Amino acid sequence: MTSPRPREQRSTATRGVDRGRADRRQTDRGLSYHRLADHRLSIPAGVAWIAAFVLVARPHDAAMALVVGAALLAVSLGLWRGMTAATVNTRAGRVIRRMGRVLPMVMVCAALGASVAAAVLVIQPSREPPLLLDSSQRVLTARFTVSGTPSETAHSGFGGEAVTGVRFEASLERVEDTGGRRDITSTRVLLFVDDLATADVPAIGSTIRLQGRFRATDDGSQTSWLVFAAGHPETVRQPGWHLAWAAGLRAEFTDAARGLPGDGADLVPGLALGDDSLVDASLDTAMKDSGLSHLTAVSGANCAIVIAGAFLLAGFAGLRRGARLCAAGAVLVLFVILVTPQPSVIRAAAMAAIVLVSIGASRSARGMPVLCLAVVSLIITDPWLSHSFGFALSALATAGLLLFTRPLTSALSRWMPPWLAAVIAVPLAAQLACQPVLALLTPTIAPYSMPANLLAGPAAPVATVVGLLACLVGAAVPPLAVPAAWLCWLPAAWIGAVARFFAGAPGARLPWLPGVAGALLVLGLTALALWVVLASRAPRLRRIAGVLLVTAMVGVYGGILIGGTIALRLSVPANWRIAACDIGQGDAVLVRSGDAIALIDTGPEPEALRLCLERMQIDHVDLLVLTHFDLDHIGGLDAAVGLSDTVLVGPTDGGADEGVVRRLVASGAMVHEASRGDTGELGALSWTVLWPLEDTTLRGNGASVTLQFSGDLDALFLGDLGEEDQAQLMAEGPLSPVDLVKVAHHGSGDQSADLYERVEARAGLISVGADNDYGHPNDRILKILADAGTRVFRTDQLGLVVVSIEGGETVVWSERTASARAVPVASALPSRLDDDHRRK
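Here the structure is a predicted model, which is why all the values come from computation and not from measurement.

A. Just the overall build of the protein, in detail. A tally of helices and strands in the protein yields 27 helices and 24 strands. Here the protein holds 840 residues, and the buried ones make up 47% of them. Taking all contacts inside the protein whose residues are at least 6 apart in sequence as the whole, residues at least 24 apart take part in 66%. For the protein, the exposed area adds up to about 39,700 Å²; of that, 61% sits on carbon and sulfur atoms.

B. Just the sheet that holds strand β10 (residues 576-580), in detail. The eight strands are arranged β15-β14-β13-β12-β11-β10-β23-β24 in an open sheet whose pairing can be described as mixed. Both outer strands of the open sheet, β15 (670-673) and β24 (809-814), are each paired with one neighbouring strand and no more. Mean inter-strand twist for the sheet, computed between neighbouring axes without regard to direction, equals 15°. In terms of strand pairing, strand β13 (residues 621-626) meets strand β14 (residues 644-649) through five bridges, oriented parallel. Within β14, the position partnered with leucine 623 by the bridge is threonine 646.

C. Examining a nonpolar patch on the surface more closely. Nonpolar side chains collect at one region of the surface, where Phe389, Leu440, Leu441, Val516, Leu520 and Leu523 lie side by side and expose about 520 Å² of accessible area between them. Breaking the nonpolar patch down by element, the ones donating at least two residues are α15 (418-441) and α19 (515-534). Take the nonpolar patch: its biggest share by element is three residues, from α19. When you line up the elements, leucine 441 lands in helix α15. With relative accessibility at 41%, the residue leucine 441 sits in the partly exposed group.

D. Looking closely at the environment of alanine 715. If you trace the backbone, alanine 715 turns up in strand β19 (residues 715-717). Considering only alpha carbons, one finds alanine 715 and valine 741, 26 residues apart in sequence, at a separation of 5.6 Å. Among residues more than four places away in sequence, those in contact with alanine 715 are Ile578, Leu707, Gln708, Phe709, Val738 and Leu740.

E. Molecular detail of the packing of helix α12 (residues 343-360) against helix α14 (residues 389-412). The interhelical angle for the contact between α12 and α14, taken along N-to-C directions, is 40°, at an axis separation of 7 Å. Viewed along their axes, α12 and α14 adopt a mutual orientation that is oblique. Of the residues in α14, those touching α12 at Pro343, Ser344, Arg347 and Met351 are Gly390, Phe391, Ser394, Ala395 and Thr398. Partitioning the contact of α12 with α14 into residue classes produces four nonpolar, four polar and one charged.

F. Summary view of the state of the cysteines. Scanning the entire structure with this criterion turns up one disulfide. Covalent S-S linkage joins cysteine 581 and cysteine 612, the inter-sulfur distance amounting to 2.0 Å. What sets the handedness of the cysteine 581 and cysteine 612 disulfide is the S-S torsion sign, and at about -70° it is left-handed. Highlighted residues: cysteine 581 in the loop between β10 and β11 (589-593) and cysteine 612 in helix α21 (residues 606-615), separated in sequence by 31 residues.

The rules behind these values
Residues numbered from 1 in each chain as written. Predicted model: local features only at pLDDT ≥ 70, side-chain atom pairs only at ≥ 80, totals over all residues. Heavy atoms only, no water. Helix = DSSP H or I, 4+ residues; strand = E, 2+ residues; numbered from the N terminus. Buried < 20%, exposed > 50% of the residue type's maximum accessible area, 1.4 Å probe, protein only. Contact = heavy atoms within 4.5 Å. Areas by Shrake-Rupley, 256 points an atom, 1.4 Å probe, with all protein chains shown as cover. Pairing = 2+ DSSP bridges. Axes fitted to C-alpha atoms, helices over the stretch in contact; angles between N-to-C directions. Patch = residues over 30% accessible without salt bridge, like charges linked within 9 Å, V, L, I, M, F, W, Y side chains within 5 Å. Salt bridge = Lys/Arg side-chain N within 4 Å of Asp/Glu carboxyl O. Parallel < 35°, antiparallel > 145°, perpendicular 65-115°, else oblique. Nonpolar A, V, L, I, M, F, W, Y, C, P; charged D, E, K, R; others polar. Disulfide = S-S within 2.5 Å.

These results come straight from atomic positions and should not be treated as a statement about function.
In C-alpha cells:
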C-alpha cells in the first residue's frame, strides 16, 4: 500500500496544477482579447458604409449629417475627457468609468460619419454640372476619358429604334453647348454608342470627344449620367504609355483566346484578367445558375498570387526586404492597371497595400482589421461605392472567409476528414456571407452552388496563374501567344463544363421571396444555421433549433414552391380584361374579352413572356399586334409563334423585319400591315387602328401601331410614339376619352401633355424594367400624367398589373404592393383605384 505523500508535496503539486490552470485561463483570455480586437473596426466600418449608403441617395442631407457628426464627436470627446477625471471610489464614478469605455467607439463612428458627409459634399457638385441640369434634353458636345471596357448592347435611344451598339464607362471632363457655355467637371458616366463594335472603342485612358444627349441617373448610382451619343467618338488624345501597354496586353490575350474552341475560350480572359467580354448570354446564365460567376471577377486571390510571385522573384534576385516590398507594390499597381480598377479589384488591392505597409512597418496584419480599414478608406474616398453590388459581394465574401472558414472546418471535421472539411468550408463560408445580397439581386437560390464550386474551384487559381503567364509570354513572344493560351484553356474549359452541367440540372434555380423581405429571411436563416453548427453552448437547444430549421425549410419552402404556382394563378382576378406582363424593359400586354385574347407586343425575351402566358393560362392568341420591330417589343416572339391566327404589324424596315413577317406567315398566321382606319372585333370589344397612316414613310418608334379598344372597357395603346408623332396623331382626328392608356415608350420624357389631357384616362400603364439604363419612367411624363388626373401603375414596382371590372367598377390588381420589395408574391392583395379614379 502506497503511503500518502507529505502535506508539503501535495501542496506543491496542487499549486503547480493551479498555476497551470491559471496560465491556460490567461492564455484563453489573451486569445479572446485578440479575437475581440480583430473585430473592433467592424462597427466603424459598418457605420461608414451605412452613412455613405444613405447620404449618396440623399446628398442634400449631407451638410446636416456633417454638422451632426461633428457635434457628436465634440460632445463625446468632452464627456470622455471629463470621465477620465472621475473618481472610482464611488458607485457613480465606477458607472461613469464603464460608460467611458464606449465613448472612443462613438467618437470614431462620429468622425467617420462626418468624413463621409464631407466627401459627399465635396464630390456631389461635380456630379451635377449646371450646364447639364439646364440642358439635359439637348445635344451637347463633351470630352471624356474612357475608363471601362466596352460591352455589346441593343437599346432604344432617346427617340430612336433599337440598334446594336456598345456601352462603356467614362469620366466626363468638359461639356459645352452650341452657345459657347462650358463646364469643367469630373464625374463618371455611362456612354451608349450606336453602330460601333467593341473592337473599335478607344482604349482605356483615351480622351475622346463626341456629341450626345445626357440623362441623369438616380443620386445613389455610381454613374451620374447616361450619355446617348449622336455619332461615333473622336479620339483627341491617346492613353499614357502604361495604359496603352495594359490595353495592348488585354487585346492581344483576348485575340489569342478568341481562336480557342468552346466555353473555355470565352472564360480564359475572365479567369486571368477579369475580362468577361467574350462570355455570351448563355454561358453567363450558366455561370450564375451554378454559382460560379464570381470566378471571372478579379479578387483577393488574384492579388495574392501576383504579390506572392513578385516576392518570390525578388527573393531569387537577392533583394532586401524593403526592395521586395517596393517591387511587390509596383507589380500590384501594374496588375490593377492591367485588369482595370473594378470595385472588387480596388477592394483586393487596398487590402494588399495595407498588408504590404504593415510588413514594412514590422507590424502584424490580421484579416478582419485589414478588411475593415480597406472598406473605410475606400468608402470615404468614394462614398458611391456603398451602392455597388460588386463591392458589397467582394467585401462580404472576404469577411465570410475570414470569419467562418476555420469554425466551419472544425465543425465539419466531426463527420469527414479534415482536408475535405477545409475544401468544403471555403466556398461555403463565402456563399453564406454573400447569399443575402444575392437574394436581393436575384430572388432565387442556387442549390448546386456548393458542389459546383467544389469541382470548379481548384481549377480557378490554376487558370489565373497560367493565364497571367500566358498573357505576359504572348506579349513578349507573339508566336507563343496561342500555345500559351491553350494551357489556360484546359482549366477554363473544365469550369465551363461544370457550369453547364449544374445549370442544366433539375431545379438549378429555385424561387425565393423577392426584395428586402427575401434578403432578411436569408440573413435570419443563415444566422440561425451558423449558431446551430458553430456554437458550443446549449447543445440540446441547438439540436432542437436544428430540427426546427430543417423542418421549416423543407415544409415552408416546399409549400411555397408547390402551392405557390396554384396560388399565383388563383390570385389573379378571374374577370380580368387587361394584363401588363412583368417582362422587364419592354412591352407585352394582354387584352381579353370573353374567350378572345389579344397580345400587344412580346417583350424582350421569350422566357419572360412564356411565364406570363402560363400564369394567365393563355394557350391561344386571337390577335397578335407587333407595334414595331424594336427588340424590346419583338424579342419574345418565340413564345408567341404558333399561338396566333391574325397578326397586325407596323411598317417593316429592312431584311430583318421582313424575316420576322415570313416566320409568322410560315407559322400559319394571317399577317397584315396595320394602318389608320383598320378595324376589327375581339369578343365583345371593337378595335380601331389610329396610327400609322397608310403608305407612311415613318419607321420604328414613329410608326408604332396605335390601337384603341372600345366596349365595357376603353383602352388606348400608344406603342413607342414620341411627342411629335403624338401631335400628328391628334392632328388626324379627335381622340375620345378612355378608361386606361398604355403610356408610350416605357415612360420616356418624349411625350405630348396635350394628348394625355385629351384622353382623360383614369389609369396609365407603364411597362418598364426595374433599374433600367434609360431613366424610364421620366419625371416629365409622371408630371404630365399627374396633371391629367391619370394614376400610374408601373410594372417595375408592381410586377404583373391586371385590370378587371367588378360590379361595374374598374379595378386594378397587382402582384405586389407599391413597396414591392417587401411583399411576398403569393400574399399580395388587390389594389383598387381611388374613388375619383374609378370608372364612371
